[in-house]
Structure formats: C-alpha cells, structure tokens
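Fold and contact review
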Amino acid sequence: MCEQCLRKRDDDGPESVNCCTRQIMSLQPDFREQRSILEKAIIEAGHIFERYPKFHCECNFIERYWGFVKWKTRRICSYNYADLLKQVPEALIMVPVMTICKFARKSWRYMDAYSKGLEGRTAEWAVNKFKSHRHLPEMIEKLMEEENREGGK
C-alpha cells in the first residue's frame, strides 16, 4: 500500500481508499474471495482450514506448543549454535501428542470463553475451572455468580 492509503485508512476506513492499484484490487470481491494455495490444498484433501487470531497465544495452541519446545530446548541447550540446530528439531519431536492435545483443548476453552463475552481474569478463571470439556457450560454467568456468593461467605 502507498502512504496515501495508510493515511486515508486511519481516517475513513479501508473501503474509502482508492488511491493506488493495489488497494483498489484488494477491495474487489473476486480478489477477496480468492483462496490461497495452502487453503485450497487443505480443503481438497478433506481437512478443515481454520485461521486463528494472529499473535493471540490464548487462542492459538501452536503458540503453547512452541513455548513448550523453547522451554525443553533451554533445558538441554549448551548455548552453542551448532548444537541448537540439532536440538530444536529433537525438541519438536519430543513433545507428546497428549500434551499437544491439551494445548488445543485449552485454546478451544479460551475461544469459547471469549465468544461468551468473558474477558481477562474472568475468562482465565472459567478456562481453568472447567477443564473436563472443550467448551464452557452454557450457564457460565450463573455459575460465576454462585461462585462469587460462596467466596463471599
């Protein structure tokens, strides 16, 4: 995008910008609906293609997985670059599948909490309280009120 696009986007929103070819093309319906090669390949193979929020570690289990790998690598690392090149792939393989599944379930619980309107510490409390399911109970607000009353006694 050009400088003019960036300035106008901040002021008026992306739909009002029509100053350069790149911006004009990006607003066309056929360009917006075009799937990436990766997305096409995944869907054609019969899998679900789902995008997670960028840089949102609570909703993206890959961030938890990568954090676990970094922790494992630090424990076995000699802080030599050549060793690090060998140890990172080993650490990626060392993570048990059950641990990866736990990361995914926790991420689903966070997404469910956010979709129910919970935020911050409230979402964290709900995610940690209800670990047995992929989603939080439908009556989460009522359960939270009961918990607060019992805590106040």
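Residues numbered from 1 in each chain as written. Predicted model: local features only at pLDDT ≥ 70, side-chain atom pairs only at ≥ 80, totals over all residues. Heavy atoms only, no water.

Before going further, it helps to examine the overall build of the protein. Tallying secondary structure elements over the protein gives 9 helices and 0 strands in all. Seen in sequence order, the protein has helices and strands lined up from the N terminus as α-α-α-α-α-α-α-α-α. When the 153 residues of the protein are sorted by exposure, 22% land in the buried category. Surface accessibility of the protein: about 11700 Å² in total, with carbon and sulfur atoms responsible for 55%. (Helix = DSSP H or I, 4+ residues; strand = E, 2+ residues; numbered from the N terminus. Buried < 20%, exposed > 50% of the residue type's maximum accessible area, 1.4 Å probe, protein only. Areas by Shrake-Rupley, 256 points an atom, 1.4 Å probe, with all protein chains shown as cover.)

This next bit is on the nonpolar core. By size, the foremost hydrophobic cluster in this structure holds 9 residues: Tyr110, Ala113, Leu118, Ala123, Ala126, Val127, Phe130, Leu136 and Ile140. Elements with a minimum of two residues in this core: helix 7 (97-115) and helix 8 (120-129). The dominant element in this core, judged by the number of residues it contributes, is helix 8, at 3 residues. Apart from the residues within four sequence positions on either side, Ile140 is in contact with Lys116, Leu118, Trp125, Ala126 and Phe130. Phe61, Tyr65, Val69 and Val95 belong to the second largest nonpolar core, which has 7 residues in total. (Core = buried A, V, L, I, M, F, W, Y, C linked by side-chain atoms within 4.5 Å. Contact = heavy atoms within 4.5 Å.)

So, on to the environment of Lys106. With respect to the secondary-structure elements, Lys106 resides in helix 7. Separated by 48 residues in the primary sequence, Lys106 and Glu58 have C-alpha atoms spaced 8.0 Å apart. In this structure, Lys106 is in contact with Arg64, Val127 and Asn128, ignoring residues within four places of it in sequence.

This part is about the packing of helix 5 (residues 61-76) against helix 6 (residues 81-94). The contact between helix 5 and helix 6 brings their axes to 9 Å, and the two run at 130°. Taken together, the axes of helix 5 and helix 6 lie oblique to each other. Seen along the crossing, helix 5 lies across helix 6 with a hand that is right-handed. Contacts between helix 5 and helix 6 involve Tyr65, Trp66, Val69, Lys72, Thr73 and Ile76 from the first element and Leu84, Gln87, Val88, Ala91, Leu92 and Met94 from the second. Per-class residue counts for the contact of helix 5 with helix 6 are 9 nonpolar, 2 polar and 1 charged. (Axes fitted to C-alpha atoms, helices over the stretch in contact; angles between N-to-C directions. Parallel < 35°, antiparallel > 145°, perpendicular 65-115°, else oblique. Left-handed = near helix turned anticlockwise from the far one by under 90°. Nonpolar A, V, L, I, M, F, W, Y, C, P; charged D, E, K, R; others polar.)

Moving on, we come to the pattern of salt bridges. As enumerated under the stated definition, the model contains 3 salt bridges in all. For the salt bridge of Lys86 with Asp83, the shortest nitrogen-to-oxygen distance reads 3.9 Å. Of the two residues, Lys86 and Asp83 are both situated in helix 6; the distance of 3 residues between them amounts to about one turn of the helix. Ionic pairing is found between Asp112 and Lys116, a salt bridge with its closest N-O pair at 2.9 Å. For Asp112, a relative accessible area of 14% translates into the label buried. (Salt bridge = Lys/Arg side-chain N within 4 Å of Asp/Glu carboxyl O.)

Okay, the packing of helix 7 against helix 8 next. Where helix 7 contacts helix 8, the two axes come as close as 9 Å, and the packing angle between them is 135°. Judged on the interaxial angle alone, helix 8 and helix 7 are oblique. Note on packing geometry: the crossing formed by helix 7 with helix 8 is right-handed. Across from Lys106, Arg109, Tyr110, Ala113 and Tyr114 in helix 7, the residues of helix 8 making contact are Ala123, Glu124, Val127 and Asn128.

Everything listed here is a matter of geometry and, on its own, says nothing about what the molecule does.
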